[in-house]
Amino acid sequence: MGVEVGMDTNARKNRTGDVMGNIVESYLVKAGFKKDETYFKEMYKSEIEQKFGLDLSRISNNGKTEKRFDFVFVKGKHVYACECNFYGGGGSKLNETARSYKTLALEAKDISNFTFVWFTDGTGVEFSKT
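Residues numbered from 1 in each chain as written. Predicted model: local features only at pLDDT ≥ 70, side-chain atom pairs only at ≥ 80, totals over all residues. Heavy atoms only, no water.

J.: Describe the state of the cysteines, with residues and values.
T.: Per the stated rule, a full pass over the model turns up zero disulfides. Take C82: it sits in no disulfide, and the sulfur closest to it among the cysteines is that of C84, at 5.4 Å. Classification of C82 as buried rests on a relative accessible area of 0%. (Disulfide = S-S within 2.5 Å. Buried < 20%, exposed > 50% of the residue type's maximum accessible area, 1.4 Å probe, protein only.)

Next up, the structure:
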């Protein structure tokens, strides 16, 4: 029973994630970005480093972890790596994701020609005042 519930929950998560990715991709195309030229889907940190000559060790625990971004897009010499998701409600998953992406953004802010972007939508979360 628990496996069935978990699988169904994951299936819903993947569907909403795919929808949000499709929305973000449509905006990239409308903005004039070209797939596999000025924007890329599901690109790993090491691929970004190799393709664009960036040192992203600050966001990978000094090269010990490999992060995959949903989209990477380029404007001039500046590289934007983004994550996108949709949340139908609050909860601990959203809180941890927000905390993780905040840390990632802070680690990335001092990397020249690189910006981390988080696109999210949904009802979100209420933060308690504790």
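J.: Give a detailed account of helix α2 (residues 45–52), specifying residues and quantitative values.
T.: Quick reminder: α-helices carry 3.6 residues per turn. Residues three or four places apart thus point the same way. Taken together, the buried positions of α2 are occupied by K45, I48 and E49. Viewed end-on, α2 has its buried residues packed into an arc of 100°, placing them on one side of the element. Its buried side turned inward, α2 meets β1 (39–44), β2 (68–75) and β3 (78–87). Positive backbone phi, at 65°, marks G53, one or two positions downstream of α2. (Helix = DSSP H or I, 4+ residues; strand = E, 2+ residues; numbered from the N terminus. Arc of directions from axis to C-beta. Contact = heavy atoms within 4.5 Å.)

J.: Explain the confidence of the model for the protein chain residue by residue, including any values.
T.: With 77% of its residues at a pLDDT of 70 or more, the protein chain has an overall mean of 82. Ignoring residues within four places in sequence, the model shows residues 1–8, a span with pLDDT below 50, making zero contacts including any to other chains. (pLDDT = per-residue confidence, 0-100.)

J.: Lay out the side chain of E83 with the relevant residues and their values.
T.: Here E83 is to be found in strand β3. When its relative accessible area of 6% is taken as the criterion, E83 is described as buried. A polar side-chain atom of E83 sits 2.8 Å from a polar atom in the side chain of K67. In contact with E83, not counting residues within four places along its chain, are K67, R68, F69, D70, Y101, F116, V117, W118 and F119. (Polar contact = N/O pair within 3.5 Å; in protein donor to acceptor, adjacent residues only side chain to side chain.)

J.: Can you break down the environment of K75 residue by residue, with the values?
T.: As for its position among the elements, K75 is in strand β2. With relative accessibility at 59%, the residue K75 sits in the exposed group. Here the alpha-carbon distance between K75 and T38, two residues 37 residues apart in the chain, equals 7.4 Å.

J.: I'd like to hear about the pattern of salt bridges, residue by residue, with values.
T.: The full count for this structure, using the stated rule, is seven salt bridges. Of the charged contacts, one joins E25 and K41 as a salt bridge, the two residues approaching to 3.2 Å between their closest N and O atoms. Of this pair, E25 sits in helix α1 (residues 2–30) while K41 sits in strand β1, placing them 16 residues apart in sequence. Note that E49 and K45 form a salt bridge whose closest N and O atoms lie 2.8 Å from each other. In this pair, E49 and K45 are both assigned in helix α2, four residues apart and thus about one turn of the helix distant. (Salt bridge = Lys/Arg side-chain N within 4 Å of Asp/Glu carboxyl O.)

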